[in-house]
Each structure stands twice: as structure tokens, then as C-alpha cells.
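Reading the structure
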Amino acid sequence: MYLSSFSMTEPEGRVYMYAPCWLNVWESHMYNRSLKSTRSNGWGFKRFGTSSDIYASEMIRTPHYTNYIVAMEEVSEAALHNLSAKERMLLMKSRTAFIYADSWGESSSFENISSALHQAMIDTLPKNLIKKFSVKDFSCKIRGEKQSLVQAMRLAQDYLDWDIFDFVVICAAYRAVPVLVFSEEDLPVNKKEKAQEQDIKINLSVERVGCFIFSQRESALEINTGQYVLHNKDRESGGILSGADNDIDLMCFSGLRRNRLWREAFSENKRNTQKISLPERYGGSGCLTPALSWIYLQQHRVAGGKMRTVVPDNFGGYHYFDTRYQGN
């Protein structure tokens, strides 16, 4: 399938460092545990709706959620208008499916929401976006933590390959709620992993929203979603992670931890493929981190080739997808 158009955005405000507080004991406890599991010594947040007029620790916990809703509307409008006028009209009149993907599912209980309408837009389906793309055939929501965007892409590829729909629109969002971010990264680390990992760093969680329009109409980015690879502690992952395929020119890794998967992907004795850690370059955005590989292609002058994006989970397995791109 082809990525006909896409748009992503993030907050314009600055990064705020998280500081544990006795008023939020459980959150502070999860913060300390997540620092140990990720071998980090601090955590920064960049969220929609933050304001310097509010006490920083409270502000990154409950920012103004309306900025996030407005951002979703803006990226959807931008993705739609990145299409040519002919393609926009075709999308409105064709069989179009809409998929809404986020990391946490129902997260309104962690937001200071006073509107039932806004609560429904965040927790279920944003009806305003369904109307924007004139979706009448199919819509759903996928909640899959770090894997939800890739799962939505696999669903989109099946729908397009089977000729069920002509276009599939995926709107994805990542809300960096501190307690959820910390709890997701609270994983035990074995002694071997601790011994091999020496770098101390500061993690960065950046809220982002994105809109992606897929179709079978040829464009500059051709996407092919791979399979899910189960964790096997007794063997390496082979050519999928190392980029040993002769046509892989760029390898992107969306995992936060420098664990065994990270070392296999960035091993220096493998094929000489350019390798990029997306969270270290752009900051982590949960399910939207893999889409930052397309942002990298936009920002850098690259010759045509093939890029592989690896999306690890928290249990040693991973998804991956390939992007064939034209030079710019």
C-alpha cells in the first residue's frame, strides 16, 4: 500500500522535567522504578496545553486537554489538504475506512475533563473527524500501547489488499500521562542487561498527534507491514533487525531501552546500514514513535531506497514495517 498523505504535530511549548512529590506517592514510586528499568536519571515531558503560569509538577499532570483536541483537528485538515484537489474529491466519494489509534484506551479519568462531548472524543471516536473524511463504511478504535499504530497499519493493508476499501485514514494520538508512562516502563531488568548498559540518560516523552491516509494509488512512500516476531531468548533475530537484507538502506528503531534488541539492531559487525534511534533523536511518543521515521525522510536529503522501522514491545518481541522511498 502507499502513504498518500500524512501530517504530525507536537506542542510548541518547552520541555518540563518531572519531579517526584509526596502528594503523589504511587506516581513517584513508579517514576523511580521506571528510571531503574530504563537506566535513566530523569524524565522530561512535552505536553499539549501546558502553561508557565501553573506550578510545573501539577501542570504536566493535568494540562488543558482542549489544545490536544484542536491539534488533532489541525493535523487531519493538513493531511487532507496535502492531497491534490482531485484526490481529495476522490477520497470523499470513495469507500473510506477510519481507524482511531491511541496508547491507553480510556484515559479521560486522568484528565481534568468537564465536557461529556470532549470525553467521548478522547475515549472513543472523534466524530468530527469521521465527518471530515466523509466516512460511511467503517470506523473503529485500536488501543495497543506502543504497537497500536502498527496494528492499525496492518489492518489498513489487509483492507486495501482485499479491495474492501479504497482509502484508509488512521488518526493516532499519544497522551503522555506521567503515571501511565512510568507504569508502562516499570519492567524488571536482569543482571546481564544492567551490566551491558552503561549510559545514563534523560528520557523525553513528547505528546504528538498524527493523521495518515493510505491507499493503493502510487505515491512517494510505499509501505509494507511485516509480521510480529515473538521473543526467543535462545537466538538472535537475524536479518530482520540487523538490516542484512541487501536492499535495506536505513534502519530505524523506536524502542526506548538499549536492550538485546537494540544491540542487535545497532551492531557494528552487521551490514553497513545507516541506523537511527528515533526516541533519542526526537523523543518517545508511544504508538506514534514509529511514524517519526517518515519525519526523518522529510527532514533529510536522502537518495531513494528502503527503510525498515522496528517497533519492539516490552516483552522482547517486535513488529516491523518497510518503507520504499524516492529521493528528495
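First, a word on scope: everything that follows refers to the structure included in this document.

Reading guide: rules and limits
- Residues numbered from 1 in each chain as written.
- Predicted model: local features only at pLDDT ≥ 70, side-chain atom pairs only at ≥ 80, totals over all residues.
- Heavy atoms only, no water.
- Phe/Tyr/Trp six-rings, centres within 6.5 Å; stacked < 30°, edge-to-face > 60°.
- Helix = DSSP H or I, 4+ residues; strand = E, 2+ residues; numbered from the N terminus.
- Buried < 20%, exposed > 50% of the residue type's maximum accessible area, 1.4 Å probe, protein only.
- Salt bridge = Lys/Arg side-chain N within 4 Å of Asp/Glu carboxyl O.
- Expected span 1.5 Å × (residues − 1).
- 1 Å grid on protein atoms, 1.4 Å probe; cavity = no way out; pocket = protein on both sides within 12 Å on 5 of 7 lines; lining within 4 Å.
- Points joined across faces, edges and corners; volume = space filled by probe spheres on them.
- Nonpolar A, V, L, I, M, F, W, Y, C, P; charged D, E, K, R; others polar.
- Pairing = 2+ DSSP bridges.
- Contact = heavy atoms within 4.5 Å.
- Axes fitted to C-alpha atoms, helices over the stretch in contact; angles between N-to-C directions.

Observations concerning the packing of aromatic side chains
Evaluation of the coordinates by the stated rule reveals 15 aromatic pairs. Here the aromatic rings of F6 and F212 are separated by 6.1 Å at their centres, their planes lie at 15°, and the arrangement is stacked. Pair noted here: F6 is in strand β1 (residues 2-9) and F212 is in strand β8 (residues 208-215), with a separation of 206 residues, a long-range link. Each of the two residues, F6 as well as F212, counts as buried. Ring geometry for F212 against W294: centres 5.6 Å apart, planes inclined by 65°, an arrangement best described as edge-to-face. Of this pair, F212 sits in strand β8 while W294 is found in helix α13 (residues 292-299), placing the two residues 82 residues apart along the sequence. Taken as a pair, F212 and W294 share a single burial class, namely buried. Aromatic ring contacts, followed pair by pair, group F6, F212, F214, W294 and F321 into a single cluster.

Describing the pattern of salt bridges
Per the stated rule, a full pass over the model turns up 16 salt bridges. Through salt bridges with shared partners, a single ionic network connects E10, K46 and R208.

Some details on helix α7 (residues 148-161)
Its 14 residues place the ends of α7 20 Å apart at the C-alpha level, agreeing with the 20 Å of an ideal helix rising 1.5 Å per residue. Taken together, the buried positions of α7 are S148, L149, V150, A152, M153, A156, Q157, Y159 and L160. Within two residues after α7, D163 carries a phi angle of roughly 60°, on the positive side.

Let's talk about empty space enclosed by the protein
It is a probe the size of a water molecule, rolled over the atoms, that shows where empty space is left. Throughout the structure, instances matching the rule amount to 3 cavities of 30 Å³ or more. Looking at the largest cavity, its volume works out to about 260 Å³. Lining the largest cavity are 24 residues, and of these K146, E185, S254, G255 and L256 sit closest to its centre. Listed by contribution, the elements that provide at least two residues to the lining of the largest cavity are α8 (178-184), β7 (201-206) and β12 (305-312). The dominant element in the lining of the largest cavity, judged by the number of residues it contributes, is β7, at 3 residues. Its residues placed into classes, the lining of the largest cavity shows 9 nonpolar, 10 polar and 5 charged. For the second largest cavity, the calculated volume is near 70 Å³. Lining the second largest cavity are Y68, I69, M72, E73, Y100, M121, I122, P126, N128 and L129. The greatest single-element share of the lining of the second largest cavity, amounting to 4 residues, is contributed by helix α3 (residues 66-81).

Observations concerning the sheet that holds β7
The strand order across the open sheet formed by 3 strands is β2-β3-β7, and the pairing between neighbours is mixed. Here the strands that pair on one side only, and so sit at the sheet edges, are β2 (16-17) and β7. The sheet contact formed by β2 and strand β3 (residues 40-46) spans 2 bridges and is antiparallel. Note that in β3 the partner of Y16 across the bridge is F45. Its contacts with the sheet place helix α1 (residues 25-38) against β3 and β7, and it is angled at close to 115° to β3.

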